[in-house]
Amino acid sequence: METIKVSDRTFRFYLGRDRIQAEVARVAREVSKDLESVARPLFVCVLNGAFVFASDLFRHLTLPDAEITFIRMKSYEGTRTTGKVKTIVGLIESVVDRDVVIVEDIVDSGYTMQRLVAQLGDLGARSIKVCCLLKKPEALKVPDLQLDYVALEIPNDFIVGYGLDYNEQGRYLPDIWVVSD
């Protein structure tokens, strides 16, 4: 079994880049089809983890007037969620009367996404859809949270790679690895 070391933890191979890219392309086709009649949809990428996913997703879209912006939120320390969501860098574009797609790397408890959806609604977004690379159904604590586009569902294990980190390390990995120690 192939393993790698990231910081002080050992991870084993979980999902390969080809499978990830196939799912990203599939989700991009779904988003493009659903939003083909929407003028200037705004994609809001949640940094830092979703930047790789958002970049790949955006390149697969067939929406010529789509725009992208970034927001930074944090709820993890080490391998555990703190249960508290901090906004580190806020949204600078107006979302008033805009159709917004939130692009997130992983939804586990759902608290970050619940807060962000509410904030965008309060700011006047016309519609809000959520697009995530990974969903952890076993960890979801917000039962009515709507995830419109999900690339992959995974067990409630800690992972690294493809933009996701362990203490800010391992984002560069093109595959996804799961903690093994």
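In case you missed it, the structure is sitting above this.
Structure report, in brief. (Residues numbered from 1 in each chain as written. Predicted model: local features only at pLDDT ≥ 70, side-chain atom pairs only at ≥ 80, totals over all residues. Heavy atoms only, no water.)

### So, the overall build of the protein chain
Thought 1: A count of helical and extended segments in the protein chain gives three helices and 10 strands.
Thought 2: Reading the secondary structure of the protein chain in the N-to-C direction produces β-β-α-β-α-β-β-β-α-β-β-β-β.
Thought 3: Taken against the 2.2 N^0.38 rule, which gives 16 Å for 181 residues, the C-alpha radius of gyration of the protein chain at 16 Å falls within 12% of a compact globule.
Thought 4: Each principal axis of the C-alpha distribution contributes one length, and for the protein chain these read about 50 × 35 × 30 Å.
Thought 5: Taken across its 181 residues, the protein chain has 48% of its residues classed as buried.
Thought 6: Within the protein chain, contacts between residues separated by at least 24 positions form 67% of all contacts whose residues are at least 6 apart in sequence.
Thought 7: Accessible surface, the protein chain: about 9,000 Å² in total, of which carbon and sulfur atoms supply 48%.
Thought 8: In the protein chain, which carries 23 positive and 27 negative side-chain charges, the distance between the mean positions of the two groups comes to 3 Å. (Helix = DSSP H or I, 4+ residues; strand = E, 2+ residues; numbered from the N terminus. Rg over C-alpha atoms; globule rule 2.2 N^0.38 Å. Buried < 20%, exposed > 50% of the residue type's maximum accessible area, 1.4 Å probe, protein only. Contact = heavy atoms within 4.5 Å. Areas by Shrake-Rupley, 256 points an atom, 1.4 Å probe, with all protein chains shown as cover. Lys, Arg positive; Asp, Glu negative; His and termini not counted. Charge placed at Lys NZ, Arg CZ, Asp CG, Glu CD.)

### What about the packing of helix α1 (residues 17-34) against helix α2 (residues 51-60)?
Thought 1: Where α1 meets α2, the closest approach of the two axes is 8 Å, and the angle between their N-to-C directions is 55°. Taken together, the axes of α1 and α2 are oblique relative to one another. Crossing angle aside, the handedness with which α1 passes α2 is right-handed. Facing α1, whose interface residues are Q21, V24, A25, V27, A28 and S32, α2 presents F53, D56, L57 and H60.
Thought 2: Within the contact of α1 with α2, the residues separate by chemical class into six nonpolar, three polar and one charged. (Axes fitted to C-alpha atoms, helices over the stretch in contact; angles between N-to-C directions. Parallel < 35°, antiparallel > 145°, perpendicular 65-115°, else oblique. Left-handed = near helix turned anticlockwise from the far one by under 90°. Nonpolar A, V, L, I, M, F, W, Y, C, P; charged D, E, K, R; others polar.)

### As for the sheet that holds strand β1 (residues 3-6)
Thought 1: Read across the open sheet, the four strands follow the order β1-β2-β10-β9; overall the sheet is antiparallel. Strand pairing shows two members of the sheet lacking a second neighbour, β1 and β9 (159-160), which therefore form its edges.
Thought 2: Sheet topology places β1 next to strand β2 (residues 9-15); four bridges connect them, and they run antiparallel. Along β2, the bridge assignment pairs T3 with R12. (Pairing = 2+ DSSP bridges.)

### Here we look at the packing of aromatic side chains
Thought 1: Counted under the stated rule, the structure contains five aromatic pairs.
Thought 2: Ring centres of F43 and F58 lie 5.7 Å apart, and the angle between their planes is 85°; this geometry places the pair in the edge-to-face category. Residue F43 is found in strand β3 (residues 42-47), and its partner F58 is found in helix α2; the two are separated by 15 residues along the sequence.
Thought 3: Both rings, one in F158 and one in Y166, keep their centres 6.0 Å apart while their planes meet at 75°; by these two values the pair is edge-to-face.
Thought 4: Every member of this aromatic cluster is reached through a ring pair, and the members are F11, F158 and Y166. (Phe/Tyr/Trp six-rings, centres within 6.5 Å; stacked < 30°, edge-to-face > 60°.)

### A few points about the pattern of salt bridges
Thought 1: Under the definition given, this model contains 11 salt bridges.
Thought 2: E67 serves as the salt-bridge partner of R40, at 2.9 Å between the closest nitrogen and oxygen. Note that R40 is positioned in the loop between α1 and β3 and E67 in strand β4 (residues 67-77), a separation of 27 residues in sequence.
Thought 3: You can call R40 partly exposed: its relative accessible area is 40%.
Thought 4: Taking relative accessible area as the criterion, E67 reaches 28% and is therefore assigned partly exposed.
Thought 5: When the shortest N-O distance is used, the salt bridge between E153 and K135 registers 3.8 Å. In this pair, E153 sits in strand β8 (residues 149-153) while K135 sits in strand β7 (residues 127-135), placing the two residues 18 residues apart along the sequence.
Thought 6: Of the residues examined, K135 reaches a relative accessible area of 18% and is grouped as buried.
Thought 7: In the salt-bridge network here, residues are joined through shared partners; they are R19, E23, R26 and E30. (Salt bridge = Lys/Arg side-chain N within 4 Å of Asp/Glu carboxyl O.)

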